[in-house]
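Listed below, chain by chain, are the residues.
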Amino acid sequence: MIMRRALALLCASLLVSGEATAAKPQPVGELPLNYTPAPDSDEAGLWMMSVEVEKGFRSSPLLVRDPALNAYVKSVVCKVAPDRCDAIRIYILDIPYFNAAMSPNGAMQVWTGLLLRAHNEAQLAYILGHETSHYTLRHTIDMWRRARSATGGLMVLTLLTAGIGALAAIGMMNSLMAHSRDEEREADEHGFLLASAAGYDPAQSAEIWRAEAAEDKVTPKHEDIFSFTHTHPAPEERLATMQKRAAELSQGHHEWIVNKGVYLDAVKAFRAHWLDEDVALGHYDASLLLLNELIANEPESGLLRFYQGELYRRRNAVGDPQNAVAAYQAAAQFADVPAAAFRGLGITQMKAGDKTAARQAFEKYLAVAPDAGDRAMVEYYLSHL
Amino acid sequence: MKTARLMVIGVAFLLSGCAAYTAIDANKPVVVGNKVSVMPQIAWAKAASPGVAATLWTADGVALDSLMFFTGIEPGQPLVSVAGVDKKEVLKYRTGMVPDDVMELLASNIEKLGYRQIATANLRPAPFGQAEGFRFDLTCTTSEGLKVKGMAIAAQRSGKLDLVLFLAPDEYYYGRYSDKIDSLFASINAAK
């Protein structure tokens, strides 16, 4: 118990350090190209720590190793910041929250919860532009000097390398690297300029923050402490800023890049898994809001409507069984409907006592997925109808 | 986010490593709760199970294998209770759940313990003693990055849920014990 409390206190102290000690950052200036810190500098020590954490990314089971997806995300970074393309390494981590983070040595984390939420390449480009800006503006060394003067930075380094677990280390690293809100605002502006200069539609920057602001309101707050919004400006503030900047830039310019189809093709193979993970979090209100946003962007997706049905079925609040049936039936109208939609429909109708409809749905499931691993279970359900 | 929780769970398991164990004889039937008994098949040690509403056995240590008996779970009860997680967010057992729901209940509850990338499969009917039950398999990842496999058997009797879950690292330990766990599941004695 004592150790548990000590860890909680340590986490708490780390979480507040970014704000509480942000007396007055002393900016060190933009990162020169091909830069390496002097070996005897504190910045070199920080980079060494980042190298250790980066080793953890490489061996982590959370790392998404798919070459095509990695190449695609890297290509977006290279469009946004061509002069930093060679220096930035991408690590896509299978974590179902909206987040990305940048280490001072050029290792960029992109969480799958972010890739699930982006509607198009332009939205991803604005987030990656923001993260690239933390790197090029060397925000982390400023933060590190503040944190080290106020808290036990070396103690944190020891813990990071003491085998506390891959995801725990990532969380502690991100917490340690929490920038001040002024730095976040600066990265917003700098990233906005990078992505818009690359031709990406500035309205998409506002759009992803509009959706995130809405989701943030219904997400349990304790789940938020390591997420993108924790130390960043409030989503509403960010949304207002981005809308204003987009309106300024859009005057007289009509050929912005959005790349919705390209983006959806790049993430297509992974979305069912990412949606499974999001649904499993049990944040039904937030997940339903997310799905409504995704369906508005892709009205002809049977996959998204299937997960809408799954959420209603699992939440099981008043009216949810009827909503689940409607969502499953809507999913069935589209070519990409998963076979599991018919199983979900059958379960919902079986529980509602509609035996005929349940039988039809289960039979359809077995016809579409004759080799399903749960065939015997569905046959059991059928035998009891 | 879950990172803080993962550390707490990890520490809790480490602490449980220091807790007292009770030996379980391989060849004597044991009542594990709610009038469910099993033949252990191998020698086990009964360990503390912080945050989990189950009796916990382990052969080589809880970080290497865990056999959990959730018995007599009543409607409205969750399977886990995790510090820092709002109880409202933990899925509870409900009257009228079908086997698919119970499988999702378990996956959702162990997600709150910090397990990641949870995938369930092969839901199928199976006898639970004299009662009609069901089995399923699962895979997940621990906070340490270890790939874990699991198998579960469950039944709903008189409005209560009984569920037995075995979890072990995919590498070596799951395979080492899977046949014994199959036999243990087959040895379950429980009335309809």
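Reading the values: the criteria
- Residues numbered from 1 in each chain as written.
- Chains lettered and ligands numbered in written order.
- Predicted model: local features only at pLDDT ≥ 70, side-chain atom pairs only at ≥ 80, totals over all residues.
- Heavy atoms only, no water.
- Helix = DSSP H or I, 4+ residues; strand = E, 2+ residues; numbered from the N terminus.
- Buried < 20%, exposed > 50% of the residue type's maximum accessible area, 1.4 Å probe, protein only.
- Contact = heavy atoms within 4.5 Å.
- Areas by Shrake-Rupley, 256 points an atom, 1.4 Å probe, with all protein chains shown as cover.
- Core = buried A, V, L, I, M, F, W, Y, C linked by side-chain atoms within 4.5 Å.
- Domains from an automatic or database assignment.
- Disulfide = S-S within 2.5 Å.
- Polar contact = N/O pair within 3.5 Å; in protein donor to acceptor, adjacent residues only side chain to side chain.
- Expected span 1.5 Å × (residues − 1).
- Pairing = 2+ DSSP bridges.
- Axes fitted to C-alpha atoms, helices over the stretch in contact; angles between N-to-C directions.
- pLDDT = per-residue confidence, 0-100.

Enquirer: Summarise the overall build of chain A; cite the residues concerned and give the values.
Expert: Assigned secondary structure in chain A consists of 19 helices and three strands. Within chain A, the proportion of its 385 residues that are buried is 57%. Considering only contacts in chain A between residues 6 or more positions apart, those separated by 24 or more positions represent 70%. Of the accessible surface of chain A, which amounts to about 15800 Å², a share of 57% is contributed by carbon and sulfur atoms.

Enquirer: Mind laying out the nonpolar core, listing which residues take part and the relevant values?
Expert: Counting residues in each nonpolar core, the largest one holds 114 residues, and the members touching the most others are Leu115 of chain A together with Phe70, Leu106, Leu161, Leu163 and Leu165 of chain B. In terms of residue count, the dominant contributor to this core is helix H5 (residues 121–136) of chain A (seven residues). Structurally, this core is a two-domain feature, drawing no fewer than three residues from each of domain 1 (2–250) and domain 2 (270–383) of chain A. Among all residues touching Leu165 of chain B, those that are not within four sequence positions of it are Ser66, Leu67, Met68, Phe70, Leu106, Ile110, Leu138, Met151 and Ala152 of chain B. In terms of nonpolar packing, the next biggest core, distinct from the first, is built from 25 residues, Ile42, Leu67, Met151 and Leu184 of chain B among them.

Enquirer: Can you explain the state of the cysteines? Please cite residues and give values.
Expert: Residue and element names in this part refer to chain A. According to the stated counting rule, one finds one disulfide over all chains in the structure shown. Disulfide pairing is shown between Cys78 and Cys85; the S-S distance is 1.9 Å. Looking along the S-S bond of the Cys78-Cys85 disulfide, the torsion reads about 65°, which is the right-handed sense. Like Cys78, the residue Cys85 is buried in the burial classification.

Enquirer: Quick rundown of the side chain of Asn105 of chain A? Include the residues and the values.
Expert: Residue and element names in this part refer to chain A. Along the chain, the position of Asn105 falls in the loop between strand S2 (100–102) and strand S3 (107–111). Residue classification places Asn105 among the buried positions, given a relative accessible area of 6%. Of the polar contacts made by the side chain of Asn105, one reaches the side chain of Glu54; its length is 3.1 Å. A polar contact of 3.5 Å, which involves the side chain of Asn105, links it to the backbone nitrogen of Ala107. Here Asn105 is in contact with Trp47, Ser50, Val51, Glu54, Ala87, Arg89 and Tyr135, once residues within four sequence places are set aside.

Enquirer: Would you mind going over helix H17 (residues 340–352) of chain A in detail, with residue names and values included?
Expert: Between its first and last C-alpha atoms H17 of chain A spans 18 Å; for 13 residues at 1.5 Å apiece the expected length is 18 Å, and the two agree. For H17 of chain A, the buried fraction is high: 11 of the 13 residues fall into the buried class. Those residues of H17 of chain A that fall on the buried side of the exposure criterion are Ala340, Ala341, Phe342, Arg343, Gly344, Leu345, Gly346, Ile347, Thr348, Gln349 and Met350 of chain A. Buried-residue contacts for H17 of chain A involve helix H15 (302–315), helix H16 (320–331), helix H18 (355–368) and helix H19 (375–383) of chain A together with helix H2 (99–112) of chain B.

Enquirer: Which residues make up the sheet that holds S2 of chain A, and what values do they have?
Expert: All names here are of chain A. Overall, mixed pairing links the three strands, which are arranged S1-S3-S2 in an open sheet. Looking along the sheet, the strands with just one partner apiece sit at the ends: strand S1 (89–93) and S2. When the angles between neighbouring strand axes are averaged without regard to direction, this sheet yields 15°. Its contacts with the sheet put helix H2 (residues 42–59) on S1 and S3, and the angle it makes with S1 is roughly 55°.

Enquirer: Would you mind going over the confidence of the model for chain A in detail, with residue names and values included?
Expert: All names here are of chain A. In this model, chain A carries an average pLDDT of 83, and 80% of its residues clear a pLDDT of 70 or more. Ignoring residues within four places in sequence, the model shows residues 1–25, a span with pLDDT below 50, making 35 contacts including any to other chains. Contacts from residues 158–165, a stretch scored under 50 in pLDDT, to residues over four places away or in other chains number 15 contacts.

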